[in-house]
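# A look at the structure
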Amino acid sequence: MKKKYYIYFSILTLLLILFGFSIRFPLFEVDYSTVIYAQNDELIGAHIATDGQWRFPQGDSLPSKFTTSLLLFEDEYFYFHPGVNPVSISRALIQNIKQGEVVSGGSTITMQVIRLATQRNRTLWSKGIETIQALRLELTHSKEEILHLYATHAPFGGNVIGLEAAAWRYFQRPPQALSWAESAMLAVLPNAPGLIHTGKNRSLLLQKRNRLLKKLYNKGKIDSTTYQLALQEPIPEHPYALPQLAPHLLDYCRKQKEGKIYHLTVNYLLQQRINQTIDLHHRKLRSNEIHNAAAIVVEVKTGKVLAYCGNTTPIKNKNHQNQVDIIQAPRSTGSILKPFLYAASLQDGILLPQQLIADIPTYYENFAPKNYHRTYSGAVKADEALSRSLNVPAVRMLKDYDIGRFCSILQKTGLNTIKSAPDYYGLSLILGGAETKLFELSGAYASMARNLVNYTKNNSLYYSKEFHAPILFQDEKIDPGQLSDFYEVYGAGASYETFKALTSVVRPVEEAGWQMFSSSRKIAWKTGTSFGYRDAWAVGITPEYVVGVWVGNATGEGRPGIVGGMTAGPIMFDIFRHLPPTSWFQPPYDDMIKTTICKESGYKAGPYCKADTAYIPSQGSKGKLCPYHQLIHLDETKHFRVQSACYPISQMKHEKWFSLPPVMEWYYRRKHPLYKPIPPLHPSCADTEDRVMEFIYPQNTNKLYLPIGMDGKVQAVVLKVAHHHSNATIYWHMDHEFLGETSFVHQMTIQPTVGKHRITLIDEQGNILQKNIYCAGRSDE
C-alpha cells in the first residue's frame, strides 16, 4: 500500500515539475524595432526589427478603450478565469460539431498569448498543451502583464505586430489617442489578420468592427452619441509610413542598443521646423554643389537637446552621403575654437578685452599664419581680433598661452575629440588643425553659458560639474556637483567678456542693422571655415539656447562658397527665429574688478597713459602695464627727440607719447591716419642708439629653408623690414657685400648659399640692424 502511495506521489511530483517547467522564459524571444519619442511622447522615428517586422517594444500602459474593446470581443471573462474558460471551450466544441468544421477555438487571451509565443499548428494536441501552459502562465503573471504580452505580440496585418506599431501605422497616433471606433478596429483585427485587414475584405472588417461597437453600446461602455459617431468613422485605406523626423538620431540610438524605446528630450514641433529650415537652405546650397548640412539646438539651463538634424534629405534620389550623422562626425574646426582661447587668456590674466595684440606678418619655423583677407592691422584690440576672427593675433595668443595648456582646457570644456598630444596639432590648432564634433562643440558653448547664468543665479557661486555633453535622453540625470567659489573651467567674468565680444561679429546681409530693431535678438555668435573651404561652422549663444550649424560636403570636397558667415550663419539665425524670445547675460560684477585702462592700448594704465575706467575679469589685475606709452623729450620745435647728453635740459619739451614697435607701427599707420610716429632723434644726438628698424621676415627664427623650384634649382628669398619713418632709405648688406638700397617699401631679394650669413642694414641716419641667419638646404630637412 505504501509503495502504491509512493508511486502516486512520485507521479504527482513529476507532473508538478513538468507543469512548472512547461513554459520557457522569456516567453517571446523576438527582435523589436528601435523607437524614439519626443518630449511629449510624440513618435519621431522608428526602425524596423531585424526580422522585417514592425514590432515595438512593450509600452508602459494599455489604453482603457482598447482593453475594454479587446476583452469584450475576445475574452469577456478574462479577469475571472485561471487562464482557461471551460464554458468557452464547451461552447466552441458544440459549435464546431454542429458546423462540421472548426469555426471557433474558445481560446482565452492567455491561451492566445501561448500560441503567439510557440507558433504551433492548430490541433487538438496543441490545444491541450496550450491549456496547460496557459494555466502555468497565470500562476506567475498578473492579468495586466498577460494583456501587455498580447498587445505587444498580436498580429495586426502584414508585417505590423503589436498595438503600438498598429496604432501608428494605421492611424498615425499613439494608442492612448485612438477613438472608440479605432480601438474597436484594432481589437478585432488580430482575430484573422491574414484574411481580413485594411487591404483585404474591408467590408467584413467594417462589419466586425461595427458589431463590436454595438456590443460596447449594449453593455453600457459607450453612450448612444458615441456609438452613432463611431459608426460613421471609416477604416483606414492602408498602413501609413511611420514618422522619420530624426533618422540620424534614430541611428545614434540604435548604436547604443537596438530594439529599445528611447524617450528623448527633442521638441517635436521645433524638430519639424529645423528640418524644414535645413531643407530650404539645402535647395539653395546645392546649386553650388554643397550637399550637406546639420543643426542642433541645446537648451542652456538643462543641457537638453531640443532639435537634432544630422544631415540633409536626399533630393531626387541623389545620395551625397546624406546618411552620415554630421553632428557626431569629427570635422575640421576652422576658427570655431578661438572664443575658448580668448576666454582662457582672460581667465589667466594674460589678456584684457581691449588690449592691443600684434597683427603683423608672423613667421615660425614651419608655419606662417595669414589672415583671411591677407591684410594686417599692425595692432588690434583683443575683442576686435576675436569678433573679426583674425588668424595672426589668434596664433600669437596661442603661442603666449601655450598649446599644452590650451589642449587641457579644451578637454575640460568637453571637446573630447581633441585628445592627441599638443605637438601633434602645433600652433595651427587654433586655425583648424584639429577636429571636433558639432555635438561636443554645442555642449561646450552651452556649458560655458550655463556656468555664467548659474553664477549670477547662485549668488556668485559655481557648480563643480557644470561642463558636460548635451543630454539626449529624458531619463538621463546630470549631477551639477557642489556649489563653491572655484570655477571648473572658465570664470564668469571671462565668459561674459567672451560673449560680449562675440556680439560684434558681423552678421549676414539679411541681418544687417539688427541693432536698430527692438525685436532683434542679442546673440553671441562665432563662425569657422576650415582650410580648403571644406567645413563651415556657426554657433550662436544666448542665456537660453545654443544653436550649432555645420555646412559642407560629407565627402570632404571643398567649395569656394563653404564659408561660415555665408552658409552656416544664415541657417543659424533662421533657426533662432523659431525659438522663443531670448534675453542677455547679466554682468557678473563679483568676478570683475573696476580698474584704470589705457585708452589707446587697452593695457592696465601706466604713468604716461590717457586713462579710463572699465570693468575687467578679476584675474586681469595680474595684467601688464601699458608698454607703448613713454615720456619723450623734444627740442623746442618739437620736431626732434633729444637727450640730456646732447641737448640742454632747460630747453626740452616733455610729452607723453604712444609709440608702437616698428613693424606694428608700419601696418598700424595705414589704417590709423591720426597716429603720430615718434619724432626722429636730433642730428646732434645721432650717435645715441635708436631702435627704428625691425625685421618683418625672418622674424621669430634665424633658420631659413631655401625654396626649390620646379626645375630643381634653389630659388630666391625675400627679406622684409619695417622702419619708423616711411621716407627713410635703408642700405642692405650680406656678409659685407652691398646688396642695394630701398625706400618706402623695404624688401630685398637675396639668393644665398646654404650655411650661415649675416644681414646688415644701415639707414641714412646711421642706425644699424643686424641679424644672423642660417640657410638650410635639402640635407637639413
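Definitions and cut-offs
Residues numbered from 1 in each chain as written. Predicted model: local features only at pLDDT ≥ 70, side-chain atom pairs only at ≥ 80, totals over all residues. Heavy atoms only, no water. Helix = DSSP H or I, 4+ residues; strand = E, 2+ residues; numbered from the N terminus. Rg over C-alpha atoms; globule rule 2.2 N^0.38 Å. Buried < 20%, exposed > 50% of the residue type's maximum accessible area, 1.4 Å probe, protein only. Contact = heavy atoms within 4.5 Å. Areas by Shrake-Rupley, 256 points an atom, 1.4 Å probe, with all protein chains shown as cover. Lys, Arg positive; Asp, Glu negative; His and termini not counted. Charge placed at Lys NZ, Arg CZ, Asp CG, Glu CD. Salt bridge = Lys/Arg side-chain N within 4 Å of Asp/Glu carboxyl O. Pairing = 2+ DSSP bridges. Axes fitted to C-alpha atoms, helices over the stretch in contact; angles between N-to-C directions. Phe/Tyr/Trp six-rings, centres within 6.5 Å; stacked < 30°, edge-to-face > 60°. Lys NZ or Arg CZ within 6 Å of the ring centre and 35° of its normal. Parallel < 35°, antiparallel > 145°, perpendicular 65-115°, else oblique. Left-handed = near helix turned anticlockwise from the far one by under 90°. Nonpolar A, V, L, I, M, F, W, Y, C, P; charged D, E, K, R; others polar. Disulfide = S-S within 2.5 Å. Patch = residues over 30% accessible without salt bridge, like charges linked within 9 Å, V, L, I, M, F, W, Y side chains within 5 Å.

## Observations regarding the overall build of the chain
Looking only at helices and strands, the chain has 21 helices and 28 strands in total. For the chain, whose C-alpha radius of gyration is 39 Å, the value lies well above the compact-globule estimate of 28 Å for 781 residues. For the chain, the C-alpha atoms occupy an extent of roughly 135 × 65 × 60 Å along the three principal directions. Counting across all 781 residues of the chain, residues that qualify as buried make up 52%. Within the chain, contacts between residues at least 6 apart in sequence are counted, and of these 65% link residues at least 24 apart. For the chain, the computed accessible surface area is about 37,600 Å², with 52% contributed by carbon and sulfur atoms. Between the centroid of the 83 positive side chains of the chain and the centroid of its 68 negative side chains there is a distance of 8 Å.

## Comments concerning the pattern of salt bridges
Counted by the stated rule, this structure contains 15 salt bridges. With a shortest N-O distance of 1.8 Å, Arg-405 and Asp-348 are connected by a salt bridge. Remark: Asp-348 occurs in the loop between α13 (338–347) and β9 (356–359) and Arg-405 occurs in helix α16 (residues 403–413); sequence separation between them is 57 residues. Its relative accessible area of 36% is what places Arg-405 among the partly exposed residues. On the accessibility criterion, Asp-348 (23% relative accessible area) is partly exposed. A salt bridge links Glu-655 to Lys-638; its shortest N-O distance comes to 3.0 Å. One end of the pair, Glu-655, is in strand β20 (residues 653–658); the other, Lys-638, is in the loop between β19 (629–634) and β20, with 17 residues separating them in the sequence. A single network of salt bridges, built from pairs that share partners, joins Glu-76, Lys-215 and Lys-219.

## Let's talk about helix α21 (residues 662–671)
Most of α21 sits inside the fold, with seven of its ten residues counted as buried. By the burial criterion, the buried members of α21 are Pro-662, Val-663, Met-664, Glu-665, Trp-666, Tyr-667 and Tyr-668. Packing partners of the buried residues in α21 comprise β9, β10 (378–381), β20, β21 (693–697) and β23 (717–723).

## Comments concerning the sheet that holds strand β22 (residues 703–705)
Sheet architecture is open: five strands sit in the order β22-β28-β27-β24-β25, paired in mixed fashion. Here the strands that pair on one side only, and so sit at the sheet edges, are β22 and β25 (737–743). For this sheet, the mean inter-axis angle between neighbouring strands, taken without regard to orientation, is 30 degrees. In the sheet, strand β27 (residues 755–763) pairs with strand β28 (residues 768–776) via eight bridges, with the strands oriented antiparallel. Each bridged residue has a counterpart across the sheet, and for Lys-756 the counterpart in β28 is Tyr-774.

## Thoughts on the sheet that holds strand β14 (residues 524–529)
Sheet strands pair via backbone hydrogen bonds, and the direction of the pair is either parallel or antiparallel. On the basis of which strands lie adjacent, the open sheet formed by five strands has the order β7-β6-β16-β15-β14 and antiparallel pairing. The sheet is open, and its two borders are formed by β7 (305–309) and β14, each paired with just one other strand. Across the sheet, the mean angle separating the axes of adjacent strands is 10 degrees when strand polarity is ignored. Across the face of the sheet, helix α12 (residues 268–285) comes into contact with β6 (292–299), β7 and β16 (545–552) while running at roughly 35 degrees to β7. Sitting on the sheet, helix α20 (residues 564–577) is in contact with β6, β14, β15 (535–541) and β16, with an inclination near 35 degrees to β15.

## Some thoughts on the packing of aromatic side chains
Between two aromatic rings, the relevant description is the distance of the centres plus the angle of the planes. The tally for this structure, following the rule as stated, stands at 22 aromatic pairs. Aromatic side chains Phe-340 and Tyr-490 sit 6.4 Å apart centroid to centroid with 20 degrees between the ring planes, which places their arrangement in the stacked category. Separated by 150 residues along the polypeptide, Phe-340 in helix α13 and Tyr-490 in the loop between β13 (483–484) and α19 (492–502) bring together distant segments of the chain. In this pair, the class of Phe-340 matches that of Tyr-490, namely buried. Three or more aromatic residues joined by ring pairs form one cluster here, namely Tyr-603, Tyr-628, Phe-658, Tyr-668 and Tyr-675. Over the face of the ring belonging to Tyr-401 we find Arg-405, whose NZ or CZ atom lies 4.1 Å from the ring centre. Above the ring of Phe-695, the side-chain terminus of Lys-771 is found at 5.8 Å from the ring centroid.

## Remarks on the packing of helix α4 (residues 109–118) against helix α6 (residues 143–153)
Between α4 and α6, whose axes approach to 9 Å, the crossing angle comes to 50 degrees. Between α4 and α6, the angle is such that the two are oblique. The two elements α4 and α6 meet at a crossing, and its hand is left-handed. Contacts from Ile-109, Thr-110, Gln-112, Val-113 and Leu-116 in α4 reach Ile-146, Leu-147, Leu-149, Tyr-150 and His-153 in α6. In the contact of α4 with α6, the residues fall into seven nonpolar, three polar and no charged.

## Here we look at the pairing of β7
Across the five residues that make up β7, a large majority, five, are buried. Sheet analysis places β6 next to β7, joined by four bridges and oriented antiparallel. When the sheet's bridge partners are listed, Val-297 is paired in β7 with Ala-307. Hairpin geometry of β6 and β7 is characterised by an intervening segment of five residues between the two adjacent antiparallel strands and by a positive phi of about 80 degrees at Gly-303.

## Topic: the side chain of Glu-164
With respect to the helices and strands, the residue Glu-164 is situated in helix α7 (residues 163–171). Salt bridges are absent for the buried Glu-164, whose nearest opposite-charge side chain, Arg-173, sits at 12 Å. What Glu-164 contacts, discounting residues up to four positions off in sequence, is Tyr-37, Phe-56 and Pro-175.

## As for the packing of helix α2 (residues 64–74) against helix α8 (residues 180–188)
Running from N to C, α2 and α8 cross one another at 45 degrees; their axes reach a closest spacing of 8 Å. When the axis of α2 is compared with that of α8, the two are oblique. α2 and α8 meet at a crossing whose hand is right-handed. Facing α2, whose interface residues are Lys-65, Phe-66, Thr-68, Ser-69, Leu-70 and Phe-73, α8 presents Trp-180, Ser-183, Ala-184, Leu-186, Ala-187 and Val-188. Of the residues in the contact of α2 with α8, the class split is eight nonpolar, three polar and one charged.

## Structural notes on α6
Within α6, nine of the eleven residues are buried, which leaves the element mostly enclosed by the surrounding structure. Those residues of α6 that sit buried are Lys-143, Ile-146, Leu-147, His-148, Leu-149, Tyr-150, Ala-151, Thr-152 and His-153.

## Brief notes about the state of the cysteines
For the structure shown, the criterion picks out zero disulfides. The thiol sulfur of Cys-253 is not disulfide-bonded, and the nearest other cysteine sulfur, from Cys-309, lies at 15 Å. Overall, Cys-253 belongs to the buried group, its relative accessible area being 0%.

## What to know about a nonpolar patch on the surface
Taken together, the side chains of Tyr-77, Tyr-79 and Phe-80 make up a nonpolar region of the molecular surface, amounting to roughly 400 Å² of accessible area. Following the sequence through the fold, Tyr-77 ends up in the loop between α2 and α3 (86–99).

## Brief notes about the environment of Leu-719
Residue placement: Leu-719 occurs in strand β23. In the structure, Leu-719 is positioned 236 residues away from Leu-483 in sequence and 56 Å away in space, judged by C-alpha atoms. Those residues within four positions of Leu-719 in sequence are excluded, and the remaining contacts are Tyr-697, Pro-698, Leu-704, Trp-732, His-746, Gln-747, Met-748, Ile-750 and Ile-759.

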